[in-house]
Amino acid sequence: MTDEHIALSPAQVLQVRHHSAEALELESIWQPGEPPPRHWHPHQREEFEVLEGELTVELGRAEPRVLGVGQKVTISPRTPHRMWNAGPGQARASWRITPPQRTLEQFRFMAQGTALPRAVRMLWAFRHEFRIGPAL
């Protein structure tokens, strides 16, 4: 476990639990907020388990669904998705990304701001990890 905390946005803070060539393991806290942009990962698999509160998840073309404590979701590569806290209180989940590629660097970059033109630089620099919109 590390002590590194990364504020991705006012609504989401990450704690890095473990980072290796095989996986990036995080714990994420979401405050109530708006949905993030729909995005996808070309080569990565994500696994989430809700530890506190509720998270709303949208996968592919399916209707959003709410996950409660103890529920899990796995997101395969190239699957458009987004996840957020639509509830009244804090939500917390474990989050595992395999392979990690440069995702930790991407999160650190995002924590420094994502306004234009920085967002464009982020999308280009981390295009192997992260894409906005529907999968091709």
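Conventions adopted
Residues numbered from 1 in each chain as written. Predicted model: local features only at pLDDT ≥ 70, side-chain atom pairs only at ≥ 80, totals over all residues. Heavy atoms only, no water. Core = buried A, V, L, I, M, F, W, Y, C linked by side-chain atoms within 4.5 Å. Buried < 20%, exposed > 50% of the residue type's maximum accessible area, 1.4 Å probe, protein only. Helix = DSSP H or I, 4+ residues; strand = E, 2+ residues; numbered from the N terminus. Contact = heavy atoms within 4.5 Å. Axes fitted to C-alpha atoms, helices over the stretch in contact; angles between N-to-C directions. Parallel < 35°, antiparallel > 145°, perpendicular 65-115°, else oblique. Nonpolar A, V, L, I, M, F, W, Y, C, P; charged D, E, K, R; others polar. Pairing = 2+ DSSP bridges. Phe/Tyr/Trp six-rings, centres within 6.5 Å; stacked < 30°, edge-to-face > 60°. Lys NZ or Arg CZ within 6 Å of the ring centre and 35° of its normal. Salt bridge = Lys/Arg side-chain N within 4 Å of Asp/Glu carboxyl O.

## Quick word on the nonpolar core
Link 1 in the chain: Counting residues in hydrophobic clusters, the biggest one holds 27 residues, and the most contacted among them are Leu26 and Phe107.
Link 2 in the chain: Contributions of two or more residues to this core are made by strand S1 (5-9), strand S2 (12-19), strand S3 (24-30), strand S5 (45-52), strand S6 (55-59), strand S8 (72-75), strand S10 (91-98) and helix H1 (103-111).
Link 3 in the chain: Residue contacts for Leu26: discarding those within four places in its chain leaves Leu14, Gln15, Val16, Arg17, Ala93, Ser94, Trp95, Ile97 and Phe107.

## Quick look at the packing of H1 against helix H2 (residues 118-125)
Link 1 in the chain: It is at 11 Å that the axes of H1 and H2 come closest, and there the two elements cross at 180°. On the basis of the axis angle, H1 is roughly antiparallel to H2. Taken together, the residues of H2 that come into contact with H1 (itself represented by Gln106, Phe109 and Met110) are Arg118, Arg121 and Met122.
Link 2 in the chain: When its residues are assigned to classes, the contact of H1 with H2 shows 3 nonpolar, 1 polar and 2 charged.

## Examining the sheet that holds S2
Link 1 in the chain: The strand order across the open sheet built from 6 strands is S1-S2-S3-S10-S5-S8, with neighbouring strands paired in antiparallel fashion. Of all the strands in the sheet, just S1 and S8 have a single pairing partner and so form its edges. Pairwise comparison of adjacent strand axes, ignoring direction, gives a mean angle of 25° for this sheet.
Link 2 in the chain: Pairing of S5 with S8 involves 4 bridges; the strand directions are antiparallel. Residue pairing across strands places Glu47 opposite Thr74, the latter belonging to S8.
Link 3 in the chain: Running over the sheet, H1 touches S1, S2, S3 and S10 and is turned about 60° from S1.

## What about the packing of aromatic side chains?
Link 1 in the chain: The tally for this structure, following the rule as stated, stands at 3 aromatic pairs.
Link 2 in the chain: Here the aromatic rings of Trp95 and Phe107 are separated by 5.5 Å at their centres, their planes lie at 55°, and the arrangement is tilted. Note that Trp95 is positioned in strand S10 and Phe107 in helix H1, a separation of 12 residues in sequence. Across the pair, Phe107 and Trp95 agree in class, each one buried.
Link 3 in the chain: Cation over ring: Arg118 sits above Phe109, and NZ or CZ is 3.8 Å from the ring centre.

## Topic: the pattern of salt bridges
Link 1 in the chain: All told, the structure shown has 9 salt bridges when counted by the stated rule.
Link 2 in the chain: For Arg17, the salt bridge is made with Glu27, and the minimal N-O distance between the two is 2.9 Å. With Arg17 in strand S2 and Glu27 in strand S3, this residue pair connects regions lying 10 residues apart in the sequence.
Link 3 in the chain: For Arg17, a relative accessible area of 24% corresponds to the partly exposed category.
Link 4 in the chain: By relative accessible area, Glu27 is classed as buried at 15%.
Link 5 in the chain: Residue Glu27 pairs with Arg92 through a salt bridge whose shortest N-O separation is 3.2 Å. In this pair, Glu27 is assigned in strand S3 and Arg92 in strand S10, connecting sequence segments 65 residues apart.
Link 6 in the chain: Overall, the relative accessible area of 22% leaves Arg92 in the partly exposed class.

Interpretation in functional terms is not warranted from these geometric data alone.
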